[in-house]
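Close look at the chain arrangement
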Amino acid sequence: MAFVLRRIASNRSLACLPRASPILRSHFSSTAAIEEDEAPFNVEIAVPFKAHRVDAPGQVVQTSAKELMKFFKEMSLMRRMEIAADQLYKAKLIRGFCHLYDGQEAVCVGMEAALTRTDNIITAYRDHCTYLSRGGSLLEVFAELMGRRDGCTLGKGGSMHFYKKENGFYGGHGIVGAQVPLGIGLSFAQKYVKAEAVTFTLYGDGAANQGQLFEALNIAALWDLPAVLVCENNHYGMGTAEWRAAKSPEYYKRGDYVPGLKVDGMDALAVKQATKFAKEYALTNGPIVLEMDTYRYHGHSMSDPGSTYRTRDEISGVRQERDPIERIRKLILAKEITTVTELKNIEKDAKRQVDDAVAKAKESPQPEPSELFAHIYVNGLGIGAFGCDRKVSYATL
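Figured I'd write up the structure that's included with this text. Treat the numbers as computed from the prediction; the structure is a model and nothing was measured.

1. Looking at the overall build of the protein chain
The secondary structure content of the protein chain amounts to 13 helices and 14 strands. Of the contacts made within the protein chain by residues no fewer than 6 positions apart, 71% connect residues no fewer than 24 positions apart. Only carbon and sulfur atoms are counted for the fraction: they give 53% of the accessible area of the protein chain, which is about 18500 Å².

2. Some remarks on the packing of helix α7 (residues 179-192) against helix α8 (residues 211-222)
Viewed as axis vectors pointing N to C, α7 and α8 meet at an angle of 15°, and their least axial separation amounts to 8 Å. Of the possible angle classes, the one that applies to α7 and α8 is roughly parallel. Crossing of α7 against α8: the hand is left-handed. Contacts between α7 and α8 involve V180, P181 and I184 from the first element and Q212, L213, A216 and A220 from the second.

3. As for the packing of helix α3 (residues 65-90) against helix α12 (residues 324-334)
One way to put it is that α3 packs onto α12 with a least axis distance of 10 Å and a crossing angle of 150°. Judged on the interaxial angle alone, α12 and α3 are roughly antiparallel. Remark: the crossing between α3 and α12 carries left-handed chirality. Along its contact with α3, which presents L68, M69, F71, F72, M75, S76 and R79, the element α12 presents P324, I325, I328, R329, L331 and I332. Looking at side-chain class alone, the contact of α3 with α12 contains 10 nonpolar, one polar and two charged residues.

4. With respect to the pattern of salt bridges
In the structure shown here, the tally under the stated rule is 23 salt bridges. Among the salt bridges present, the one from R79 reaches D323, with a minimum N-O distance of 3.0 Å. With R79 in helix α3 and D323 in the loop between α11 (312-322) and α12, this pair connects stretches of sequence that are 244 residues apart. Judged on exposure class, the residue R79 and its partner D323 are both buried. As a salt-bridge pair, D267 and R327 come within 3.9 Å of each other at their nearest N and O atoms. In this pair, D267 is assigned in the loop between β11 (260-264) and α10 (268-285) and R327 in helix α12, connecting sequence segments 60 residues apart. The exposure class assigned to D267 is buried, which follows from its relative accessible area of 12%. Residue R327 is classed as buried on the basis of its relative accessible area of 17%.

5. Quick look at the sheet that holds β11
The six strands are arranged β4-β11-β12-β8-β7-β6 in an open sheet whose pairing can be described as mixed. What marks the edges here is a single partner per strand, and that holds for β4 (50-52) and β6 (120-122). Averaged over all adjacent pairs, the angle separating strand axes in this sheet is 20°, with direction ignored.

6. Description of α10
Between the first and last C-alpha of α10 there are 25 Å, a value that for 18 residues agrees with the 26 Å anticipated at 1.5 Å per step. The buried fraction of α10 amounts to 13 of the 18 residues, a majority that puts the element mostly inside the structure. The N-terminus of α10 is capped by D267, whose side-chain oxygen sits 3.0 Å from the backbone nitrogen of L269. With its phi angle positive at about 110°, G286 sits one or two positions after the end of α10.

7. Overview of the environment of E280
Relative to the helices and strands, E280 is located in helix α10. Its relative accessible area of 44% is what places E280 among the partly exposed residues. Spatially, the C-alpha atom of E280 lies 8.9 Å from that of V198, the residues being 82 residues apart in sequence.

8. Observations concerning the nonpolar core
Membership of the largest hydrophobic core comes to 74 residues, with the highest contact counts inside it found for L68, F142, F200 and V228. The element that contributes the greatest number of residues to this core is α3, accounting for 12 residues. Within the second largest apolar cluster, 17 residues are counted, among which are I184, A216, L229 and V258.

9. As for the side chain of E144
Relative to the elements of secondary structure, E144 occurs in helix α6 (residues 138-145). One buried charged residue, E144, forms no salt bridge at all, with the nearest opposite charge on K156 at 9.2 Å. A polar atom in the side chain of E144 sits 3.2 Å from the backbone nitrogen of C152. Here G155 takes part through its backbone nitrogen, which lies 2.9 Å from a polar atom of the side chain of E144.

10. Considering the pairing of strand β12 (residues 288-293)
With six of its six residues buried, β12 lies for the most part within the structure. Burial along β12 is two-sided: the face carrying I288, L290 and M292 and the face carrying V289, E291 and D293 are both buried. With five bridges joining them, β11 and β12 adopt parallel strand pairing. Within β12, the residue paired with G260 across the bridge is V289. Traced from β11 through α10 to β12, the parallel crossover comes out right-handed.

11. A word on the packing of aromatic side chains
The relative placement of two aromatic rings is captured by the distance of their centres and the angle of their planes. As enumerated under the stated definition, the model contains seven aromatic pairs in all. Judged by centre distance (5.2 Å) and plane angle (50°), the rings of Y236 and Y309 are tilted. Pair noted here: Y236 is in strand β9 (residues 236-237) and Y309 is in the loop between β12 and α11, with a separation of 73 residues, a long-range link. For Y236, a relative accessible area of 10% puts it in the buried group. On the basis of an interplanar angle of 55° and a centroid distance of 6.4 Å, the ring pair of Y295 and Y297 is categorised as tilted. Look at Y295 and you get buried, because its relative accessible area is 3%. Three or more aromatic residues joined by ring pairs form one cluster here, namely Y131, F162 and F169. Taking the ring centre of Y236 as reference, the NZ or CZ of R310 above it sits at 5.7 Å. A cation sits over an aromatic face here: R319 above Y297, 3.9 Å from the ring centre.

About the thresholds
Residues numbered from 1 in each chain as written. Predicted model: local features only at pLDDT ≥ 70, side-chain atom pairs only at ≥ 80, totals over all residues. Heavy atoms only, no water. Helix = DSSP H or I, 4+ residues; strand = E, 2+ residues; numbered from the N terminus. Contact = heavy atoms within 4.5 Å. Areas by Shrake-Rupley, 256 points an atom, 1.4 Å probe, with all protein chains shown as cover. Axes fitted to C-alpha atoms, helices over the stretch in contact; angles between N-to-C directions. Parallel < 35°, antiparallel > 145°, perpendicular 65-115°, else oblique. Left-handed = near helix turned anticlockwise from the far one by under 90°. Nonpolar A, V, L, I, M, F, W, Y, C, P; charged D, E, K, R; others polar. Salt bridge = Lys/Arg side-chain N within 4 Å of Asp/Glu carboxyl O. Buried < 20%, exposed > 50% of the residue type's maximum accessible area, 1.4 Å probe, protein only. Pairing = 2+ DSSP bridges. Expected span 1.5 Å × (residues − 1). Polar contact = N/O pair within 3.5 Å; in protein donor to acceptor, adjacent residues only side chain to side chain. Core = buried A, V, L, I, M, F, W, Y, C linked by side-chain atoms within 4.5 Å. Lys, Arg positive; Asp, Glu negative; His and termini not counted. Right-handed = clockwise from strand over helix to strand, strands pointing away. Phe/Tyr/Trp six-rings, centres within 6.5 Å; stacked < 30°, edge-to-face > 60°. Lys NZ or Arg CZ within 6 Å of the ring centre and 35° of its normal.

In short, the description is geometric, and any link to function would need to be established separately.
What follows is the structure, given as structure tokens:
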């Protein structure tokens, strides 16, 4: 399909984008047709990669109308899901810790576009959207958040402990930085069984100073493990700005002897390009560090208003200039792939899907009390679980 190139000088993020021809516009008579169009075209990534001890990948990434529409649909669904989680928490239907991901959606969506389900992902407690991108359902998300039986971990893990092993998603971990050694262990297992796959271990800038991260990275480098360490740098570890906590906040260089790459984490296409590059590198050479320059709109968790250590102007400025959904929206419209109305309809449909999932999750029953003792010991050992007075037996394991 022919494209006419046109430079849009007024918008740096949309420079060098191919403009759709009238033939292409008439070809797409429906959203369904657009979502099946895989004709490739190139897009130039606006923010250059920064590399440490490695040559950076190219600034031109290949995509398609189908992929861009998929990005828009998935990120819109994730954004609406996190907004609903905010509302459920304030209504006290979600209890305990709850860390929201809105603003960072391009990271998990862009990564997934370059991976297969044989590749593993392990992350910290801001895990709802990553779980969704790995094939989880909205019902499983909301049921788990509300402690219901239909949740992804049967209502017993909550916000911080999502898990889907069959799709290569290993959590969901509440202890800061603790998932990094586990991720390196997954990489070791992949190399041990000679799997042509990689483990992507995600952590935040707040965890980047953890000693266990450097110990695990050292082992990965010694053994040339297929490991990609991904620092999701949203610039605040809880309420502490990166520059107050780290003498060197250039996290992609923190591996020292391990190569690194800094990526615009608000650009799904840049994330896709970097992820593809990092996977190929790790399979051949061993570990590499990716720093995703991103931003969270909510506070650290629902107990943090997120406005005491940063200004509202800062948050609104990022929304206006770097929002990952808006960047994809502008890209789609610049290419005339679809219309403003159709994109709004997609967002309305995302809200409908989320509302339906919330309603179903509310109807899901809570786990039985005996479930407190399940998945702890091997079954069939004849062990009894008692109350404090040892008079009432709750379960026999």
